[in-house]
Structures are given as C-alpha cells and as structure tokens.
Amino acid sequence: MDYLPLLRKDKLPHIWCEGCGDGIALKAILRAIENIGLKQDDIAMVSGIGCSSRTPGYVDFNTLHTTHGRAITFATGIKLAKPELTVIVVTGDGDATAIGGNHLIHAARSNADMTVIVNDNLGYQSTGGQYGWTTPQGSKTDSSPYGMFEPNLMSEGMDVLEILKGAGATFLARHVSM
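Before going into details, it helps to say that this report is about the structure given with it. (Residues numbered from 1 in each chain as written. Predicted model: local features only at pLDDT ≥ 70, side-chain atom pairs only at ≥ 80, totals over all residues. Heavy atoms only, no water.)

Thoughts on a negative patch on the surface
Part 1: A surface patch of negative charge is lined by D41, D42, D60 and E84.
Part 2: Locating D60 in the fold gives a position in the loop between β1 (43-47) and β2 (62-65).
Part 3: Judged by its relative accessible area of 41%, D60 is partly exposed. (Patch = residues over 30% accessible without salt bridge, like charges linked within 9 Å, V, L, I, M, F, W, Y side chains within 5 Å. Areas by Shrake-Rupley, 256 points an atom, 1.4 Å probe, with all protein chains shown as cover. Salt bridge = Lys/Arg side-chain N within 4 Å of Asp/Glu carboxyl O. Lys, Arg positive; Asp, Glu negative; His and termini not counted. Charge placed at Lys NZ, Arg CZ, Asp CG, Glu CD. Helix = DSSP H or I, 4+ residues; strand = E, 2+ residues; numbered from the N terminus. Buried < 20%, exposed > 50% of the residue type's maximum accessible area, 1.4 Å probe, protein only.)

Here's what the structure looks like:
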C-alpha cells in the first residue's frame, strides 16, 4: 500500500516522540482511507491542541487546526455545512475529554456523522509538569516525573467509553498502540 500520496512530504519527518502512538494512529487512518477508497478532496480532518492534534499537518486533505477543546465543535460545523464530506477528528485525551468533554458527549448524543479518534497518552505530554485526568494514580510520565498523586476520575471508575455509550454513540472501540 502506498500512503505517500496522502502525506505532505514537506512536513516529514514528523516531530512525535519515539514510541508515541500518534504515528501508529496516523498509519491506521491512512490505511482505512485507502481501504475504503475515499478521495482526498472528500475528507476533512480536524484537530485541536496537543501532540495528536499535529496529525492534520502531515496529511494532504482538507484540514483545520482549531482551538483547544473545540475540534469536535468545528467538525460539527463542517459536517452541517458540507454533509458530503467524511469528517475525521484527531484529538488527544486533554483536548477531547477534559476541556472538550462536553462537546464530545454532545456529539455522541446527537450522533454527529463523523469519526472521532482520541489518542489517549495518559498525560499532557506537550505542556510539561502536568498530568491529565486519564493519568492513572501513581503513574509517572515525561510531563509528570513526580507522578500522579491525586485521585482522578479514571481511578474512581469513570470510563470515557461508558460515558459516550450512555450518551448514545453508535460505534465505540478501544485500541492500544504498540
């Protein structure tokens, strides 16, 4: 399979950290687009802020890089204005489930016709010194070297997929990038 026509070669090599799942997610997206047979001009890829939100910069589609936590809102607007487009949102755990959490829930509730891919790296890797609400208690990350010491929603049993299922999302999946 040749993904090169889908990529902006002038933006490579990427700037993601070694071992990061964002590149793996990008390859899976490109593979799915090719297998489905979508044309580049029929795709709109939207992102917000964070490591995974750099993804649209590497692809040769209609792209939009938006403000923090608002990628799903912008994507909803695109889908309403251009319903014929395949809208893909690539976002991270902070962007989608923290600051953008209500937008994610309402997109599931309204069954917006878009694909939202949340790359959860269990912390805010690009901000430094912070952990996210999905960072497991006791975990140390590159951006929280002293560890997550506070109880968080994940350790209290809150699961994003269960929230979205309760809101009415029609398809949910979880995958680990390795």
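What follows picks up the thread again.
Section: helix α1 (residues 21-36)
Part 1: Along its 16 residues, α1 runs 22 Å from first to last C-alpha, staying within 8% of the 22 Å computed at 1.5 Å per residue.
Part 2: Along α1, the positions that sit buried rather than exposed are G21, D22, A25, L26, I29, L30 and I33.
Part 3: In this structure, the buried residues of α1 make contact with β1, β3 (86-92) and β4 (115-119).
Part 4: Just downstream of α1 lies G37, where phi reads positive at about 90°. (Expected span 1.5 Å × (residues − 1). Contact = heavy atoms within 4.5 Å.)

Points about the pattern of salt bridges
Part 1: According to the stated counting rule, one finds 4 salt bridges in the structure shown.
Part 2: We note a salt bridge from R8 to D10, for which the minimum N-O separation is 3.5 Å.
Part 3: The class of D10 is exposed, set by a relative accessible area of 57%.
Part 4: Residues D159 and R174 are paired through a salt bridge, measuring 2.9 Å at the closest nitrogen-oxygen approach. Of the two residues, D159 sits in the loop between β4 and α5 (160-167) while R174 sits in the segment after α5, which places them 15 residues apart along the sequence.
Part 5: The class of D159 is partly exposed, set by a relative accessible area of 21%.
Part 6: Assessed through its relative accessible area of 57%, R174 is described here as exposed.

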